[in-house]
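Listed here are the chains, written in short residue letters.
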Amino acid sequence: MKVTVTVNNAEYVRDVEPRLLLIHLLRDELGLTGSHWGCDTSNCGACVVWLDETPVKSCTVLAVMADGRRVMTVEGLGSRAGLDPVQQGFTQCHGLQCGFCTPGMMLTARWLLDHNPDPSAAEVREAISGQICRCTGYENIVRAVLWAAKNGGTG
Amino acid sequence: MQVPAQVEYEKATSIEHALTLLARYGSAARVLAGGHSLIPMMKLRLAQPEVLIDINGITDLCYINLTGAQLRIGTLTRHAQLLQSQIVGEHFAILHDAERVIADPIVRNWGTVGGSLCQADPSEDLSAAFAAMKGTMVIHGPDGSREVSAREFHTGPYETVVGPAEMLTEINLPIRPGGGSGYQKVSRRTGDWPVGAAGAAVWLSGDTIADAGIGLTAVGAIHFAAAEAEEYLRGRAATQETLATAGEIAAKSCRPVTDQRGPADYKRHLARELTTRALRLAVTRARGQAA
Amino acid sequence: MIDHRQEHHEGGPYGAIPRKEDARFVRGQGTFVDDISLPGMLHGAILRSPLAHARIISVDATAALAHPKVEAVLTGADLAERGLAWMPTLSGDVQAVLATDKVRFQGQELAFVVARDRYAARDALELIAVEYEPLPPLVDAKTALAEDAPLVRDDLPGRTGNRIFDWTAGDKTATDAVFSTADVTVSCDMIYPRSHPAPLETCGIVAAWDDVTGRLTLWSTSQAPHAHRTMYALITRLPEHKIRIVSPDLGGGFGNKVPVYPGYLCAIAASIVTRRPVKWVEDRSENLMSTTFARDYHMHGEIAATADGRILGLRAGVLADHGAFNATAQPARYPAGFFHIFTGSYDLEAAFCEVTGVYTNKAPGGVAYSCSFRVTEAVYLVERLVDMLARKLGMDPAQLRMRNLLRPEQFPYTCATGWQYDSGDYPRALALAMDIAGYDELRREQAERRSRGEYMGIGISFFTEGVGAGPRAHMDILGLAMVDGADLRVHPTGKVVLAVSVQTQGQGHETTFAQIVAHELGLTPDDVEVVHGDTDRTPFGLGTYGSRSTPVSGAAAVMAARKVRDRARLVAAAMLELSPDDLEWADGKWRVRGDPDRGAGIAEIAMAAHSSLELPDGVESHLDASAVYNPPNLTFPFGAYICVTDVDPATGEVKVRRFIAVDDCGVRINPMIVEGQVHRGLADGVGMALMQAIVFDESGNCLGGSFMDYLLPTALECPSPELGATVTPSPHHPIGAKGIGESATVGSPPAVVNSVVDALAPFGVTHADMPLTPANVWRAIQGRPVRPDLALS
């Protein structure tokens, strides 16, 4: 069936099976491979994107549920003019190693800072508690988000 | 990543439309709300509905309203909304306690209260919380709506009284004076299903427990409730001893099963320990003291 | 308070610079295997056995082949016709690619479906009909050697039992003598449960066979692309120069991406059969159920000491569960890896260990997850025993360690099982950790809390690692020496390309290796481009694992850079019309002795080396150089960790309050990257100690096949680490670096377990096995511990 989704401010119309997961629409149909997947059971959060300005696990949402809605992926962070402060923070603070969880982490961080511009470390940890990182032990992710909060947090 | 089997899809535009579709497809259909209980089951192919009826467009089903002495929660309310709601926090601390430890913040953004209750997982936290609060479920069907006590709603693991042509539309909770509530959960890790959890509500009249509600999950408690323990507390003073005894009675009345989360004897112990702790928390709050 | 000495390399490109590779990752522009899409590409899916042990009666793929989107189905019989049904493992065993006679673990590969999209491939799996004759499964390693145990490997001719190997190290006689005369001995049975590295990106491959050129191009999640290429050449009989492996960006490895998996070979075979590219990327459940697990060591350990706390000897007997095929990856001479480094960080009179490896009906593997070839198991054993000894003697565990740690003047130190530890100042590291932790204050707080019925624990772990395998004289994998190459190409403008054989999975090689070369050649890291992961563009080497990149490949990069520098000296001498002896290397340039304003840097010299400048006889043009580094020894990073936990005995819940880690990895090239590695390892320790285990039931069902049950720590379980560092350079490494990648995963679990056991001391608990879930802690307090590896009904 036909779905119309606005991803990173561009409208896409595709014909998909109802069972197609949103993460696969983004990656396989639209070629936006910046969002990843890492599990079968909605635990890891590598697939986090924004759906109508709300972070969701896109492996647990059907593409048809996104019909008529807006999606933002990591490719929509920042602009040609420059990186979002969250992206800068991750670079400055070594908030990533293999980079696989990073897009999801950054999108959650961006959402957090939009709603809570000066979070505590504990609030950052709570915000990312549904997302797994296997490389960083989380400390530098937290530091990256706090850096972004202090350095032009609202992008 | 695992992916669902083929399925057909209908988008409901109103409650009536949803009911029409449910009547047409019967048990071949499943209601799709947040999908965060159903879609994981479909990906593992443990659930293989033939048709999904998407109700996310029925925004009328998403509300948290205080009307008189009742809190009314629409079935499509997202877990995150319940957690953010000041009204809920004010009157039903147990729901905030429980939501804080359900899944994770991202899942809570999209999963719904109704979806979790209808999934009827034997370890569902909200089932215990609503049982403790003695809530009422409103179910819509072809013949109109009916009400079922939260304690009658679940009939077994993954089974509720909602018929194939029916839909849960609302949960409502009475607000009664002198109340306080709380939830205590033990899990192997943040966001995991409980190994055992207890929710408690007390309504005090002076120092006496006028009424009590105790909900238990993941420990095989019938209808997610500890009725005997509640009966014991009614009319008694709220002391350390009575609360501890209530915990013991609650533990005796449940039927935990050994599984990966823990052995049965440990779960029974948790039923006792957490019931007592939840009661203590409820009493403290009922007395208006800082928890 | 933090002792950050960079004694040997002040300034220069070493230092905490941001990483070059981040630019693509923060934009979502990394290229991981599943991101790759080729024209005409098909998708593969594997049918896996639901049973742990069964004879295969029949496999019928007719219905699957009739599916409109299915292009091919491969079964064990199909592969057998081509001699591909079995493949060699890294331990000299064979492993089924697709099962033919029997299935030997739940999740074993049976058939490979190739379809036009991944959803159709998944659907088609349900259309393959398999008839099994179930057999009794062997699940409990402890029963593997019993007379009536089911025989797992009846495919191997002449095999009558499940014993794989017996291996010993140390001096049994001397050790027995020590134990028989010691004042005090303590013994303990402990399990290091089966866990899994679980990198966030699962394993996968895109195989593209070109019929016209006869070339096979593979994009694959491989930590060792050259070793894989050689294996594929041997298995498929395709010549190596016709096989190209590109390991693009990897979403973590941790040893999980070292082996060759059946899915890779199936994709290759399918590409050859269909003549189209075939992508196969596994699900998470496949990853957890069939790819290389880690640990699963059942250990009996003993420690002997004098009454006043001098540790005399250690003895260990180990039962190693290797699963259905012996597929562990470690130097061939050491079937138990480096376990015999269980002598730890102490001066012992004698030590002896014996390890018996057995087959069971479980997934194959055992060496993975940052274990440094079983050093995780060794360190866990010795550090638990030391704590137990402290308890028995009534001594503080820090004091007991301080009394027995090797002293700096004892290095290089040959331990009782033959390892030659290269360098270390152990007491200084422990003292620093205790200082950062405020150890005495913590003990005071513990006593005060105990009096109020609150239970906190303080756990110490002091570890010696052995990494950077390894010397050609006694280390090889499948006959391939563990040496690694580096090729340096210097462009006319003085920019440099370094090609290395190791493969990063997030460790930052593109930055740290650039820093190494930049430091040797007076350049900036931006001037150095690091190429890795493509067998067409890099020299041969055995890959990244066992923390070997810095010790081995890093050394090769240094040697190549110094060759460049030495050649540059000759060219500079020709430029300046001087003798090479008139020049000295200072401040990143070849300068004239006594006239330091005259000289030339690499950029200038490079241009000259490409020009028509007259060069002396024997000196070739250009500055390019290569090196292959054969390490003379392992390197021995070490550390002192302290973990503080709070335990609620009524529920068994454990909260990790603080984690202090002092690491010594020799010279620290990029402290920010070093610290990132330590952060990760500490999280691993929290995970393994408290929640991670792959558990089986009596029927051989794997109960840890998803992240719902194989639990990984989140940001809420991991405390903010408190780090310190000391630097004792490795005397044999060209820049004194030792490697850090696995140190914290090795050192942290014992610190957490020691901490929890310490918290529970008032309840009489002297040991409790990982994972210390709330249930397991509560049962330990009750005196009825559960067995953590087997779910017995």
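These notes cover the structure that comes with them. (Residues numbered from 1 in each chain as written. Chains lettered and ligands numbered in written order. Predicted model: local features only at pLDDT ≥ 70, side-chain atom pairs only at ≥ 80, totals over all residues. Heavy atoms only, no water.)

A word on the overall build of chain B. Across its full length, chain B carries 12 helices and 13 strands. In terms of overall size, chain B behaves like a compact globule, its C-alpha atoms giving a radius of gyration of 19 Å where 291 residues would be expected to give roughly 19 Å. Along the first, second and third principal axes, the C-alpha atoms of chain B reach 55 × 45 × 30 Å. Split into buried and exposed, the 291 residues of chain B put 60% on the buried side. Of all intrachain contacts in chain B linking residues separated by at least 6 positions in sequence, the fraction that spans at least 24 positions is 62%. Of the charged side chains in chain B, 28 are positive and 30 negative, and the gap between their average positions amounts to 5 Å. (Helix = DSSP H or I, 4+ residues; strand = E, 2+ residues; numbered from the N terminus. Rg over C-alpha atoms; globule rule 2.2 N^0.38 Å. Buried < 20%, exposed > 50% of the residue type's maximum accessible area, 1.4 Å probe, protein only. Contact = heavy atoms within 4.5 Å. Lys, Arg positive; Asp, Glu negative; His and termini not counted. Charge placed at Lys NZ, Arg CZ, Asp CG, Glu CD.)

A few words on the packing of helix α14 (residues 549-576) of chain C against helix α15 (residues 602-610) of chain C. Residue and element names in this part refer to chain C. Between α14 and α15, the shortest axis-to-axis distance is 9 Å and the interhelical angle comes to 75°. Compared by their axis directions, α14 and α15 come out roughly perpendicular. Across the interface between the two elements, A568, V571, A572 and M575 of α14 pack against I602, E604, I605, A608 and A609 of α15. Broken down by class, the residue content of the contact of α14 with α15 amounts to 8 nonpolar, no polar and 1 charged. (Axes fitted to C-alpha atoms, helices over the stretch in contact; angles between N-to-C directions. Parallel < 35°, antiparallel > 145°, perpendicular 65-115°, else oblique. Nonpolar A, V, L, I, M, F, W, Y, C, P; charged D, E, K, R; others polar.)

So, about the side chain of C:D664. Residue and element names in this part refer to chain C. Tracing the chain through its elements places D664 in strand β33 (residues 653-664). No salt bridge is formed by the buried D664; its nearest oppositely charged neighbour, K738, is found at 4.9 Å. Polar side-chain contacts of D664 include one of 3.0 Å to the backbone nitrogen of G666. A polar atom in the side chain of D664 sits 2.7 Å from the side chain of T726. When near neighbours in sequence (up to four residues on either side) are disregarded, D664 contacts P637, F638, T726, V727 and T728. (Salt bridge = Lys/Arg side-chain N within 4 Å of Asp/Glu carboxyl O. Polar contact = N/O pair within 3.5 Å; in protein donor to acceptor, adjacent residues only side chain to side chain.)

Interfaces are often described in size by the accessible area the parts lose on coming together. Listed per partner, the contact involves 33 residues of chain A and 32 residues of chain B. The tally of links between chain A and chain B comes to 2 salt bridges. Its salt-bridge partner being B:R108, residue A:E126 comes within 3.4 Å of it at the nearest N-O pair. Here chain A is connected to chain B by 7 residue pairs in polar contact (both at pLDDT 80 or more). Looking at the side of chain A that touches chain B, the elements with two or more residues in it are α1 (22-29), β3 (48-51), β4 (54-57) and α4 (121-127) of chain A. A per-element tally of the side of chain A that touches chain B places β4(A) first, with 4 residues. Taken together, the residues of the side of chain A that touches chain B break down into 17 nonpolar, 9 polar and 7 charged.

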